[in-house]
Amino acid sequence: MKIDVRSWKFKFSILMIILIIIIYGSNILILKDPEHVISYIWTHLGFIPVDILLVAFLLDEIISKKEHEAVMEKLDMLMGTFFSEIGNDLIALLSTANKYKADTEYLKSINSWTEDDYTQRLKNFDDKAIDFKAELSGEEREKFLNELRDLLISKRELLINFMNNSNLLEKDEFTSLIMAIFHLDEELEHRSDLSNVKDADFNHLNGDMKRIYSKLIHEWIYYLSYLNKHYPYMISLAIRTNPFDETGEDASVKE
């Protein structure tokens, strides 16, 4: 490494070395005790590696924590793009066919939830997943599956971009959701004729949709909880586009 003798750092270093020589030199000349000065310098030199070691570990820990928090912040905001582009539509579409849609009625009034409500609802997901089963037949089944396949195909590039984001590995639940959506996309793409899906085959697709539905709602509540805590002014739009509130009657929210 080339040293620039004209830089302020070089000049400052030289000045500090001169001051050190003057201070310790005057101490020896005035007090006539060079052994004490040498012992003092020797003792403090021994602590330099210890100080460096402690500072290095502490700084590394602090920097790593800050970097991790910054990455998680970006990923949490990235979820907003996911739900505005595909998540809300996917929730709404699956909900229309869900036999157990009554079990999600409480999600219509999410605008009145407190931080404790969000925490409790997320905890409930750890104990029990939301039930899902699409009971459709004939033209209804074909129409539903075609709409679902069209939605996933139209957002495939977006989903690929999400998966190409290496930082997503930090969010296991969200990554698992994206993978589950990809799997359903592949299952539907594999079936060229959705007008002739047998009951057994549809039951298999139901299993894939149930896996997505529960994860999807969990991540949606987590995202709203994040907004409610850190960006309360942003949660207004998220609640006004609540996929569980088809009428918009419960969209009055705090600004």
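Since the model is a prediction, treat every value here as computed from it, not as a measurement.

Which residues make up the side chain of asparagine 98, and what values go with them?
As for its placement among the helices and strands, asparagine 98 is situated in the loop between α2 (34-97) and α3 (115-127). Within polar-contact distance, the side chain of asparagine 98 engages the backbone nitrogen of tyrosine 100 at 3.1 Å. A polar atom in the side chain of asparagine 98 sits 3.3 Å from the backbone oxygen of aspartate 131. Apart from the residues within four sequence positions on either side, asparagine 98 is in contact with Asp131, Phe132, Lys133 and Tyr213.

Talk me through the pattern of salt bridges; I want residue IDs and the actual numbers.
Per the stated rule, a full pass over the model turns up 11 salt bridges. For lysine 108, the salt bridge goes to glutamate 105, with nearest N and O atoms at 3.5 Å. Under the relative-accessibility criterion, glutamate 105 is labelled partly exposed at 41%. Notably, a salt bridge pairs lysine 143 with glutamate 147, separated by 2.7 Å at the nearest N-O pair. In this pair, lysine 143 and glutamate 147 are both assigned in helix α4 (residues 138-154), four residues apart and thus about one turn of the helix distant. Residue classification places lysine 143 among the exposed residues on the basis of a relative accessible area of 52%. Each member of the salt-bridge network shares a partner with another, and the members are Lys99, Lys133 and Glu135.

What counts and what doesn't
- Residues numbered from 1 in each chain as written.
- Predicted model: local features only at pLDDT ≥ 70, side-chain atom pairs only at ≥ 80, totals over all residues.
- Heavy atoms only, no water.
- Helix = DSSP H or I, 4+ residues; strand = E, 2+ residues; numbered from the N terminus.
- Polar contact = N/O pair within 3.5 Å; in protein donor to acceptor, adjacent residues only side chain to side chain.
- Contact = heavy atoms within 4.5 Å.
- Salt bridge = Lys/Arg side-chain N within 4 Å of Asp/Glu carboxyl O.
- Buried < 20%, exposed > 50% of the residue type's maximum accessible area, 1.4 Å probe, protein only.

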